Amino acid sequence: MAGRAMNKDAKASALSLLILPMLALLAACNMGAGGDASSDGAQGELAGARIGAPFTLTNQDGKPTRWEDFRGQYRIVYFGYTYCPDVCPVDLQRIMQGFARFEKEKPALAAKVQPMLISVDPKRDTPAVLKTYVAAFHPRLIGLTGTEAQIAKVAKDFVVIYNPEKAEGASDYLVSHSRTPYLFDRDGKPVALVPVDDPSTPNMDEGAPDKVQAFLDKWIK
């Protein structure tokens, strides 16, 4: 997450603590209603959670892109924005480095995965801006934007919290947002959270590229 206050580790940790129990509750509620999440580790922590819904946004080439366009593919979905000064570029770099390692070792399986960045800053993240940005991380990464109303709906459907923050007298602004790098299966159902570094554990590196690669090894079949 990033923002006027959310660049701080304490605020980052606080939002993580907010969002993760919310996701766990969504999954638990669905399992209680007859979900089939097993206890043998065969399913991820988001199995059965009510996360995601059909959408139509605009990609970095200015073309309409639908959630259903990726049916049959796994989807890595990261919400962020190109003007993020810290967490977003680091997360994306490490996720895509892990993906590149996975792609090198298992190209056929990697071809079944579509990574995407959905912007929470549609005012500034035009297709042209996104095109330059996503190209810096990996040629397979796509960027998606839309109207403010479209982004607000997608964020709600994907259980993402975001809020533009503008300091008094400033001409620019940052956007606070939750860190929710999701993996969805080939039917568009949530599987698990892609590993990212936890600021509350400075002596551990949960989001290292090798851990992202191991995560993909586990779930992409």
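Higher on the page you've got the structure.
Conventions used here
Residues numbered from 1 in each chain as written. Predicted model: local features only at pLDDT ≥ 70, side-chain atom pairs only at ≥ 80, totals over all residues. Heavy atoms only, no water. Helix = DSSP H or I, 4+ residues; strand = E, 2+ residues; numbered from the N terminus. Buried < 20%, exposed > 50% of the residue type's maximum accessible area, 1.4 Å probe, protein only. Contact = heavy atoms within 4.5 Å. Areas by Shrake-Rupley, 256 points an atom, 1.4 Å probe, with all protein chains shown as cover. Pairing = 2+ DSSP bridges. Axes fitted to C-alpha atoms, helices over the stretch in contact; angles between N-to-C directions. Phe/Tyr/Trp six-rings, centres within 6.5 Å; stacked < 30°, edge-to-face > 60°. Core = buried A, V, L, I, M, F, W, Y, C linked by side-chain atoms within 4.5 Å. Parallel < 35°, antiparallel > 145°, perpendicular 65-115°, else oblique. Left-handed = near helix turned anticlockwise from the far one by under 90°. Nonpolar A, V, L, I, M, F, W, Y, C, P; charged D, E, K, R; others polar. Arc of directions from axis to C-beta.

1. Describing the overall build of the protein
Turning to step 1, where the next piece is worked out: A tally of regular secondary structure across the protein gives six helices and nine strands.
Turning to step 2, where the next piece is worked out: Across the 221 residues in the protein, those meeting the buried criterion constitute 48%.
Turning to step 3, where the next piece is worked out: Excluding contacts between residues fewer than 6 apart, the proportion of contacts in the protein whose partners are at least 24 apart in sequence is 69%.
Turning to step 4, where the next piece is worked out: Taken as a whole, the protein presents about 10,500 Å² of accessible surface, with 56% of it coming from carbon and sulfur.

2. Some thoughts on the sheet that holds strand 1 (residues 56-59)
Turning to step 1, where the next piece is worked out: A sheet is described by the order of its strands in space; here seven strands give the open sequence 2-1-5-4-3-8-9, paired in mixed fashion. The sheet is open, and its two edges are formed by strand 2 (64-66) and strand 9 (190-193), each paired on a single side. For this sheet, the mean angle separating the axes of adjacent strands, direction not counted, is 35°.
Turning to step 2, where the next piece is worked out: The strands touched by helix 5 (residues 148-157) are strand 1, strand 3 (74-80), strand 4 (113-119) and strand 5 (142-145); relative to strand 1, the strand with the most contacts, the crossing angle is about 115°.
Turning to step 3, where the next piece is worked out: The strands touched by helix 6 (residues 209-219) within the sheet are strand 3, strand 8 (182-184) and strand 9, with strand 9 carrying the most contacts at an inclination of about 155°.

3. What to know about the packing of aromatic side chains
Turning to step 1, where the next piece is worked out: Scanning the entire structure with this criterion turns up eight aromatic pairs.
Turning to step 2, where the next piece is worked out: Plain terms: the ring middles of tryptophan 67 and phenylalanine 184 are 5.1 Å apart, the flat faces sit at 85° to each other, and that makes the pair edge-to-face. With tryptophan 67 in the loop between strand 2 and strand 3 and phenylalanine 184 in strand 8, this residue pair connects regions lying 117 residues apart in the sequence.
Turning to step 3, where the next piece is worked out: The exposure class of tryptophan 67 is buried, given its relative accessible area of 3%.

4. Structural notes on unusual backbone geometry
Negative phi is the rule for most residues except glycine; trans is the rule for most peptide bonds.
Turning to step 1, where the next piece is worked out: Look at valine 159: it is not a glycine, yet its phi comes out positive at around 55°.
Turning to step 2, where the next piece is worked out: When you line up the elements, valine 159 lands in the loop between helix 5 and strand 6 (162-165).

5. A short note on the environment of glycine 207
Turning to step 1, where the next piece is worked out: Within the element layout of this structure, glycine 207 appears in the loop between strand 9 and helix 6.
Turning to step 2, where the next piece is worked out: Considered as a pair, glycine 207 and valine 194 are 13 residues apart in the sequence and their alpha carbons are 8.2 Å apart.

6. Some thoughts on the nonpolar core
Side chains that are nonpolar tend, in soluble globular proteins, to be buried together.
Turning to step 1, where the next piece is worked out: Ranked by internal contacts, the top residues of the largest apolar core, which has 54 residues, are Ile118, Phe158, Tyr182 and Leu183.
Turning to step 2, where the next piece is worked out: Of the residues forming this core, the biggest block, seven residues, is contributed by helix 2 (residues 87-105).
Turning to step 3, where the next piece is worked out: The contacts of leucine 183, once residues within four sequence positions are left out, are Tyr74, Arg75, Ile76, Lys189, Pro190, Val191, Ala192, Val194, Phe215, Trp219 and Ile220.

7. Quick look at the packing of helix 2 against helix 6
Turning to step 1, where the next piece is worked out: Helix 6 packs onto helix 2 with a crossing angle of 55° between their chain directions and a minimal axis gap of 7 Å. In this view, helix 2 runs oblique relative to helix 6, as classed from their interaxial angle. Relative to helix 6, helix 2 is oriented so that their crossing is right-handed. Side by side, helix 2 and helix 6 meet where Arg94, Ile95, Gln97, Gly98, Phe99, Arg101, Phe102 and Glu105 of the first sit next to Pro209, Asp210, Val212, Gln213, Leu216 and Asp217 of the second.
Turning to step 2, where the next piece is worked out: For the contact of helix 2 with helix 6, the class distribution of residues is six nonpolar, three polar and five charged.

8. Here we look at the pairing of strand 9
Turning to step 1, where the next piece is worked out: When strand 8 meets strand 9, the two strands line up antiparallel, connected through three bridges. Bridging from a neighbouring strand, leucine 183 pairs with alanine 192 of strand 9.
Turning to step 2, where the next piece is worked out: Remark: five residues form the turn of the hairpin made by strand 8 and strand 9, two consecutive strands paired antiparallel; glycine 188 in that turn has positive phi of roughly 80°.

9. Topic: helix 4 (residues 127-135)
Turning to step 1, where the next piece is worked out: Within helix 4, the full set of buried residues consists of Leu130, Tyr133 and Val134. Viewed along the axis of helix 4, the buried residues span an arc of 90°, placing them on a single side of the element. Among the exposed residues of helix 4, those pointing more than 90 degrees away from its buried face are Ala128, Thr132 and Ala135.
Turning to step 2, where the next piece is worked out: Packed against the buried residues of helix 4 are helix 2, strand 4 and strand 5.

Such coordinate-based values are descriptive only and should not be taken to indicate function.
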